[in-house]
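# Notes for the structure review
Listed here are the chains, written in short residue letters.
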Amino acid sequence: DTVVLVGGATGYIGRFVVKQLVARGYKTYAMARPKSGPGGARSIEDTRKDLAGAELVFCDPVDKDGANIQRVYDELNGKGVKVDAVISCLASRTGGVRDSWEVDYLASKRLLDCARAQGAAHFTLLGAICVQKPLLEFHRAKLALFEYMKTLDDIGWTDVRPTAYFKSLVAPIQIARWGGAYSTFDGGASNPNKAMAEEELADYIIDCFEKPEQQQRALPIGGPGRALDIKQQGEVVFEAMGKEPTFNEAPIGIFDVIIGGLSWLDKTFPGGKDDSFLNGKFEDPAEFAKIGKFYATEPMLAINPETGRYDPGYTPEHGTISLEDWLKKAATQKDGLDDQLEQGAGLASFANLTKWARDAMPKMS
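Procedures and definitions
- Residues numbered from 1 in each chain as written.
- Predicted model: local features only at pLDDT ≥ 70, side-chain atom pairs only at ≥ 80, totals over all residues.
- Heavy atoms only, no water.
- Helix = DSSP H or I, 4+ residues; strand = E, 2+ residues; numbered from the N terminus.
- Expected span 1.5 Å × (residues − 1).
- Buried < 20%, exposed > 50% of the residue type's maximum accessible area, 1.4 Å probe, protein only.
- Contact = heavy atoms within 4.5 Å.
- Phe/Tyr/Trp six-rings, centres within 6.5 Å; stacked < 30°, edge-to-face > 60°.
- Pairing = 2+ DSSP bridges.
- Right-handed = clockwise from strand over helix to strand, strands pointing away.

### Some words on helix α5 (residues 137-149)
Given 3.6 residues to a turn, an α-helix orients residues that are three or four positions apart in the same direction. The end-to-end C-alpha distance of α5, which contains 13 residues, comes to 19 Å, matching closely the 18 Å that a straight helix rising 1.5 Å per residue would cover. Within the span of α5, buried status applies to E137, F138, H139, A141, K142, L145, F146 and M149. Where the residues of α5 are buried, they touch α4 (97-117), β5 (122-126), β6 (156-162), β8 (217-221) and α10 (283-297).

Quick look at the structure:
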């Protein structure tokens with residue numbers, strides 16, 4: 001039997017990958033933190049129940065020397081288990097500067113290097129299509145790992161770069177279901193995407209170590225059907241609910257004001273001042289604001305190299321569940337958002353910024 005080790009198994013897409021591996025009959029080992037999920041709320045027993053059918057190996061992938069990840073491989077080898085394929089769904093929980101390099105680059109690189117050392121045949125990285133325009137720190141971290149992967153000739157590899165998944169679109173749908181308006185920036189027409197169903201993305205990721213045509217390359221991939229910007233998504237949702245569309249529009253410039261202010265504070269009060277609550281505290285909030293602006297304005301589509309523009313027709317498709325069909329289900333069926341809401345889907349960057357502000361307040365007093 002093919003043995004597959006999944007890093008980041010309790011992450012959002014990692015959960016779907018593990019479940020699809022088990023359903024497809026692979027001997028699956030799921031690498032998980034002892035406390036996982038949003039805010040570390042999931043216990044070991046929760047994880048065992050959630051990832052039923054997989055063998056769990058507990059590990060914090062972020063440490064000083066990589067010993068934790070090495071220990072996972074050593075324990076498996078000690079049981080006579082040789083890993084054939086590794087899938088890294090490891091990703092920064094926040095998108096913060098340091099966290100991006102520690103997780104998106106270093107932890108995944110250690111997972112890859114340990115796989116090479118023990119003779120695994122293939123390594124699949126869960127990347128992101130947005131690295132084609134690397135304006136954020138986690139983009140640069142993922143690209144650095146991709147550049148390293150390209151130098152390797154002792155292991156097969158694939159960098160899967162999905163457009164988006166349905167989870168990222170949940171917050172405005174839930175607000176609309178509660179009777180609120182869809183929020184957009186500058187009319188909502190600047191960021192069309194072809195988001196994917198999570199289970200169909202998981203199957204595509206698994207296919208990478210089965211299909212030679214999906215190996216030794218980066219693979220941008222989106223879902224089927226037409227690309228929809230945020231305003232078009234709102235129109236689909238309201239029409240499905242039989243309601244007149246209502247939108248709250250905000251100027252995109254609000255992000256520039258926030259980013260400018262936080263960036264100035266970061267430069268004016270840099271880290272290293274042990275006697276100050278400002279000790280390096282503005283670098284990540286500035287990055288969170290940049291993340292918010294990026295996803296509010298940039299299309300989640302492939303860039304056509306001939307035109308240099310985002311192009312829905314150039315964006316490869318996979319699966320059968322279109323964004324439009326999912327939006328209709330999410331808007332009208334009671335359980336339409338269950339898979340996404342279970343993992344705390346919503347506005348992650350805003351939540352991170354809010355958490356920072358809350359944590360900083362006692363230090364400011």
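Moving on, there is more to tell.
### A word on helix α6 (residues 170-177)
Buried residues dominate α6, accounting for six of its eight residues. Here α6 has its buried residues at V170, A171, P172, I173, Q174 and A176. Backbone geometry just downstream of α6 places G179 in the positive-phi region, at approximately 100 degrees.

### Quick word on the side chain of Q233
Structurally, Q233 can be placed in helix α8 (residues 230-241). Non-local contacts of Q233, meaning those with residues more than four positions away in its chain, are made with L169, Y182, N193, L228, L323 and L327.

### So, the environment of D99
Along the chain, the position of D99 falls in helix α4. In this structure D99 comes out as partly exposed when scored by relative accessible area, which is 22%. As a C-alpha pair, D99 and F138 span 39 residues in sequence and 8.4 Å in three-dimensional space. Residues within four places of D99 in sequence aside, it is in contact with S92, R93, T94 and D104.

### Some thoughts on the environment of K290
Within the secondary structure, K290 is located in helix α10. Looking at K290, the relative accessible area reads 32%, which means it is partly exposed. For the pair K290 and I258, spaced 32 residues apart in the sequence, the C-alpha separation amounts to 9.0 Å. For K290, the contacting residues outside a window of four places in its chain are L136, I259 and S263.

### Quick word on the packing of aromatic side chains
Taken as a whole and assessed by the stated rule, the structure comprises eleven aromatic pairs. Taking 5.7 Å as the distance between ring centres and 65 degrees as the angle between the ring planes, the aromatic pair formed by W101 and Y105 counts as edge-to-face. A residue pair is termed a helical-turn pair when its members lie 3 or 4 positions apart in one helix, as W101 and Y105 do in helix α4 at four residues. Among the residues examined, W101 registers a relative accessible area of 31% and is labelled partly exposed. For Y105, a relative accessible area of 21% puts it in the partly exposed group.

### Considering the pairing of β5
The buried count for β5 comes to five of five residues, which makes it a mostly enclosed element. Alternating residues of β5 divide into H122, T124 and L126 and F123 and L125, and every residue in both groups is buried. Across four bridges, the pairing between strand β4 (residues 85-88) and β5 is parallel. Looking at β5, one finds that I87 is bridged to T124. Assessed by its sense of winding, the connection that carries the chain from β4 through α4 to β5 is right-handed. Examined bridge by bridge, β5 and β6 share five bridges and lie parallel to one another. Bridge assignment links L126 to a residue of β6, and that residue is V160. Between the parallel pair β5 and β6, the chain is carried across by α5, and the sense of this crossover is right-handed.

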